[in-house]
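Fold and geometry: a report
Chain by chain, the residues:
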Amino acid sequence: MKQTTLHDTHAALGARLVEFGGWHMPVQYGPILEEVKCVRERAGIFDLGHMGRVRVFGPDRVSFLDSITSNFVARIPDGAIRYSLFCGRDGYPIDDLLVYVDPEYVRLVINAANTEADLAFLHEHAEGFNVTIEDRTDRTTMIAVQGPEALEILQSACDSDLSKIGYYRFGRSTVCSIPNTLLSRTGYTGEDGFEIYLREEDGVDVWNALLEIGRPRGLQPIGLGARDTLRLEAGMALYGHELSPAHHALEAGLDFAVSFAEEKGDWVGRDALKALGESSTRTLVGVTAEGKRPPRMGYPVLADGVQVGEIRSGSISPTLGTNIGTAYVEQEFSAPGTELAMDLRGKAAPILVHPLPFYSRTRKPKKS
Amino acid sequence: MRPDDRQYLSSHEWVKIEDDTATIGITDFAVDELCSGNEGDLVYCDLPELGRQVEAGETFGEIESVKAVSDLNSPVAGEIVEVNPDIEDHLEILSDDPWDRGWLIRVKVGKGDGASLLDATAYEELIAEKA
């Protein structure tokens, strides 16, 4: 199992470490639901060293990436970030990723478990393009600070005005006396915050310094368990759940990350995905479950005892005060408020279709 | 050392057989795997109806934490004759006392092959490999 540079720091903090995407990662430091609340109400710091980090250099980098990812890379301004997908020739996703357009190169941030497959995919399609692909995962690390207090906490560790970095933009600042450090206003929690890119050898010092600076404002280390609940409440897809080799971007509601624009040209999986989108009869929905048991991946979804879908993610939601999940259901059962059931080994438990996202810090939650 | 008056399944259930009655529970290791020392992380325990027949190794219920659901497997074959009525509303019993008050079910041992059971020493070795 691979270890991030912060592995021993997590162990010293009392974290429970588990295998995740080939890495030994903290799933929690304390009760998961308390960690969720901490990020929603104050701020949390996350080790994201396991995420794959790749740079693409060369004069053809933008046209290359436009030929292999779903979003329109040539339209991303310098300093901006977009969510995108790698698709196979069959149109189904290989991974989802963030694309950072820097004047010098394009940075890709990919899922830990898919890093190897993504690199193979990049190299497979690079022929004929003047590009260099550099896997930076092992030489760098990544820390996120997320939550309503995140900006204030980070600002006190930085020498430039972080409020000037807009949502899904990135910039550079001295962070905890490390000069020229890249920060992006991104995250996977539904809260405001930043992801910070560091040289591997600076990871521990910056983590410890930020924890110290943030402690008076309630900053705590947060594990991947809470991160999963936070992203689910915020309605964000997770590869292997809402997206998979059998669940494509259009039925997952990710149209915003898929460009069929003629100017973009063809890209791997384009026509196949378009056809999948036209023929798909199911759609991703949110569900709530009032009983004791949260939805869990794989539970059949029933309407009048007949299977009409499947749960793909689930969690207790401390923010909503109920159990939540996502499910793929046939479109006729996808309207918010539709009463369905989930099959708990032969016992049917009621669930209710709920709009996604469950939680938005900028929008009032919609009632179903 | 875990109690040596009983036997264990590699899936972390224990069974204590007295006369023809088997008392079945889960080990402290199982509880800790589920809730990581945070007893509030246990959310649900689904126990069977009285009178149900189970085979050795068969799943008789489920226990759920914030993170995951785990099967509860019977170490012996027989008829379920008693279910601990306190567990459903007091999951903290499993953290406080998994060996005694935290028993889950009692089975009247019937005919049929037993599951492959470990004694306390072998179970300790299994746990040591995981740690």
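Whatever comes next refers back to the structure up there.
Since this is a predicted model, take the numbers as computed values, not measurements.

1. Digging into the nonpolar core
All names here are of chain A.
- Counting residues in hydrophobic clusters, the biggest one holds 118 residues, and the most contacted among them are Ile45, Val99, Leu108, Ile143, Val145, Ile196 and Ala249.
- Top contributing element to this core by residue count: strand S6 (residues 93-101), with six residues.
- Other than its neighbours up to four places away in sequence, isoleucine 45 contacts Ile143, Val145, Trp207, Leu210, Leu211, Gly214, Leu219, Pro221 and Ile222.
- Membership of the second largest hydrophobic core comes to five residues, among which are Ile324, Leu356, Phe358 and Tyr359.

2. A word on the sheet that holds strand S18 (residues 339-344) of chain A
Residues and elements named next belong to chain A.
- Here we have six strands rolled up into a closed barrel, ordered S14-S17-S16-S15-S18-S19, and antiparallel in their pairing. Going across the sheet, the axis of each strand differs from the next one's by a mean of 45°, ignoring polarity.
- Note: strand S15 (residues 300-303) against S18, two bridges, orientation antiparallel. In the sheet register, leucine 302 faces S18, and the bridge partner there is alanine 341.
- Contacts from helix H7 (residues 224-233) reach strand S16 (306-317) and strand S17 (322-330) within the one sheet, and its direction differs from that of S16 by about 120°.

3. A closer look at helix H1 (residues 28-35) of chain B
Residue and element names in this part refer to chain B.
- Among the residues making up H1, those that are buried are Ala30, Val31, Leu34 and Cys35. Viewed along the axis of H1, the buried residues span an arc of 110°, placing them on a single side of the element.
- The secondary structure elements touched by the buried residues of H1 are strand S3 (21-26), strand S4 (42-46), strand S6 (59-65), strand S7 (69-73) and helix H2 (92-96).
- Trailing H1 by a residue or two, serine 36 shows a phi angle of about 55°, which is positive.

4. Some thoughts on the pairing of strand S9 (residues 140-146) of chain A
All names here are of chain A.
- In terms of residue burial, S9 counts as a mostly covered element, since six of its seven residues are buried.
- Across four bridges, strand S3 (residues 43-47) lies against S9 in antiparallel orientation. For glycine 44, the partnering residue across the bridge sits in S9 and is glutamine 146.
- Bridge count for S9 against strand S12 (residues 193-199) is seven bridges, and the pairing is antiparallel. Note that in S12 the partner of threonine 141 across the bridge is leucine 198.

5. Some details on the packing of helix H2 (residues 32-41) of chain A against H7(A)
Residues and elements named next belong to chain A.
- Following both chains from N to C, one finds H2 and H7 inclined at 60°, their axes separated by 8 Å at the closest point. As the angle between them shows, H2 and H7 are arranged oblique. In the packing of H2 onto H7, the handedness of the crossing is right-handed. Together, Ile32, Glu35, Val36 and Val39 of H2 and Gly225, Ala226, Thr229 and Leu230 of H7 make up the contact between the two elements.

6. Some words on the sheet that holds strand S10 (residues 170-175) of chain A
All names here are of chain A.
- Taken in spatial order, the six strands make up an open sheet running S10-S11-S12-S9-S3-S13, and their pairing is mixed. Each end of this open sheet is capped by a strand with a single partner; those strands are S10 and strand S13 (219-221). Strand after strand, the sheet turns through a mean of 30° between neighbouring axes, direction not considered.
- The sheet contact formed by S10 and strand S11 (residues 178-184) spans five bridges and is antiparallel.

7. What about the interface of chain A and chain B?
- Taken together, the 11 residues of chain A in the interface contact 10 residues of chain B.
- For the side of chain A that touches chain B, the class distribution of residues is four nonpolar, three polar and four charged.

Procedures and definitions
- Residues numbered from 1 in each chain as written.
- Chains lettered and ligands numbered in written order.
- Predicted model: local features only at pLDDT ≥ 70, side-chain atom pairs only at ≥ 80, totals over all residues.
- Core = buried A, V, L, I, M, F, W, Y, C linked by C-beta atoms within 7 Å.
- Buried ≥ 20, exposed ≤ 12 C-beta atoms within 10 Å, placed from the backbone.
- Helix = DSSP H or I, 4+ residues; strand = E, 2+ residues; numbered from the N terminus.
- Contact = placed C-beta atoms within 7 Å.
- Pairing = 2+ DSSP bridges.
- Axes fitted to C-alpha atoms, helices over the stretch in contact; angles between N-to-C directions.
- Arc of directions from axis to C-beta.
- Parallel < 35°, antiparallel > 145°, perpendicular 65-115°, else oblique.
- Left-handed = near helix turned anticlockwise from the far one by under 90°.
- Nonpolar A, V, L, I, M, F, W, Y, C, P; charged D, E, K, R; others polar.

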